[in-house]
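Here is how the chains run, residue by residue.
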Amino acid sequence: AVLCSALKSSPSLSVADSASSDSAARIGSLSQVAGVLGCQWGDEGKGKLVDILAQHFDVVARCQGGANAGHTIYNSEGKKFALHLVPSGILNEDTLCVIGNGVVVHLPGLFKEIDGLEANGVSCKGRILVSDRAHLLFDFHQEVDGLRESELAKSFIGTTRRGIGPCYSSKVIRNGIRVSDLRHMDTFPQKLDLLLSDAASRFQGFNYGPEMLREEVEKYKRFAERLEPYIADTVCVMNEFISQKKKVLVEGGQATMLDIDFGTYPFVTSSSPSAGGICSGLGIAPRVLGDLIGVVKAYTTRVGSGPFPTEILGQGGDLLRFAGQEFGTTTGRPRRCGWLDIVALKFCCQINGFSSLNLTKLDVLSDLAEIQLGVSYKLPDGTPVKSFPADLRLLEQLKVEYEVLPGWKTDISSARSYSELPKAAQRYVERIEELVGIPIHYIGIGPGRDALIYK
Ligand code: GTP
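Predicted model only: the values in this text are computed from it and were never measured.

Here is what the cut-offs are and how they apply
Residues numbered from 1 in each chain as written. Predicted model: local features only at pLDDT ≥ 70, side-chain atom pairs only at ≥ 80, totals over all residues. Heavy atoms only, no water. Axes fitted to C-alpha atoms, helices over the stretch in contact; angles between N-to-C directions. Helix = DSSP H or I, 4+ residues; strand = E, 2+ residues; numbered from the N terminus. Parallel < 35°, antiparallel > 145°, perpendicular 65-115°, else oblique. Left-handed = near helix turned anticlockwise from the far one by under 90°. Contact = heavy atoms within 4.5 Å. Nonpolar A, V, L, I, M, F, W, Y, C, P; charged D, E, K, R; others polar. Core = buried A, V, L, I, M, F, W, Y, C linked by side-chain atoms within 4.5 Å. Buried < 20%, exposed > 50% of the residue type's maximum accessible area, 1.4 Å probe, protein only.

J.: Now, about the packing of helix α7 (residues 188-202) against helix α8 (residues 210-227): what can you tell me, with residues and values included?
T.: The contact between α7 and α8 brings their axes to 10 Å, and the two run at 130 degrees. Judged on the interaxial angle alone, α8 and α7 are oblique. Along this stretch, α7 crosses α8, giving a crossing that reads as right-handed. Contacts from Phe188, Pro189, Leu192, Asp193 and Leu196 in α7 reach Met212, Leu213, Glu216, Val217 and Tyr220 in α8. Taken together, the residues of the contact of α7 with α8 sort by class into eight nonpolar, no polar and two charged.

J.: Help me get a handle on the nonpolar core, residues and values and all.
T.: Side chains of a nonpolar character, in soluble globular proteins, are inclined to be buried together. Counting 62 residues, the largest nonpolar core has Leu362, Leu421, Tyr428 and Ile432 as its most contacted members. Broken down by element, the residue count for this core peaks at seven residues, all from helix α14 (residues 423-436). Excluding its chain neighbours within four sequence positions, the residues that come into contact with Ile432 are Leu340, Ile342, Leu345, Leu359, Leu373 and Ile440. Counting 43 residues, the second-largest nonpolar core is a separate cluster that includes Leu85, Cys97, Phe111 and Leu213.

J.: Describe in detail unusual backbone geometry, supporting the description with residues and values.
T.: Here the residue pair Tyr265 and Pro266 is connected by a cis peptide bond, since its omega of 5 degrees sits within 30 degrees of zero. With phi around 50 degrees, Gln325 is a residue other than glycine that occupies positive phi space. Considering the arrangement of structural elements, one finds Gln325 in the loop between α11 (315-323) and β13 (336-338). You can call Gln325 exposed: its relative accessible area is 52%. Of note in the backbone geometry, Lys361 takes a positive phi value of approximately 60 degrees without being a glycine. For Lys361, the location among the structural elements is in the loop between β15 (356-360) and β16 (370-378). A residue is classified by how much of its surface remains accessible, and Lys361, at 22% relative accessible area, is partly exposed.

Here it is in structure tokens:
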């Protein structure tokens, strides 16, 4: 029933209704199926672009990750919403939100998010579909995440301890529990028992008994009832939408440099936040994908451990951290900060084949007299490094070569067109375009919806 009403009630929106001519032209020309993906180590500000674009799309879908993504968006009255699992399209009342098969779903977290949205007047019923193939993330996955990080001691990954990695591990070793299993409460207790006993045999610090199992099963019986109206065969739904020419926007979480394959392994996330993850995480074919927009911060940040070639240590890093408010949405952890890394960005563009880029947080650089761009890597003996290396030891040794560009030392947050940006800011944007060979169509100059320049 949810599927049918969603298909019937979802309108095709007109871009011209609400947008200026620059934005209307830009957004209107986007393909029927488009995606927004992170280019660095996450927190690029994908949420804002997704929220803006979502107003012109019928469906916004998430394809990977879990509640470790922390998108911050503002509604038209400037009210702040921190979303973790629910797609950023939720603030646009005509948009349907899909949580695809590639996502791992922590039901207590999802319901908390839904309750918070509804308490703020955002209706969720009939507007969120959760894939019956998505895996369930249990509280014990979170506990195990913490135990594993403690076990790793000094070489900890720096996960958000939200249980994402352990849940994907359960999926891959094939004893995970999926949303569709909630429809079979007769076999659910045995499945959960197997999952818990596996964790108990692996982690000394993790214990459970019949009482905990019974309580968890009772909790999930209630969740199963509450989730039922949201459950859908989203592979079928997505493909029906596409054949009906509905506009679909895919919202990436994390970013390519955290990709399980392409990121700085093992300091990565457990899913594929790159273009490939869209197809596997939603069950849609590569040929239906059109425009992919890469979101890149005007500088670089990373949370947790792992290589970061252009990191600025000390006071310089602190300046960026405070100017950019670089503290995690989900965990509040301070982010490491550094210059924009063109080598990493080119690597990411190669993997994803972006049609355009969104440069975010350009306003954060406004106080700097000079801005550096990390343009190439060299080994200590001077040998150039052609692409972003897999080898972490090599990454630690390499020397980054920088180009220094003049800053603009002016507040740019009220600029609303490209021509209103100071020449030095335009030069910075254009130099990035020259170096990566992909146009920058969107420039973020503040957190609000209106603080976006269409180039
Ligand atoms: P992950 O999916 O967890 O990687 O997060 P994200 O990429 O969606 O980042 P998020 O939306 O949480 O954005 C990070 C912060 O940057 C939020 O507080 C945004 O409001 C803010 N932000 C986004 N764009 C801009 C911008 O152009 N300028 C400024 N100053 N802030 C921005």
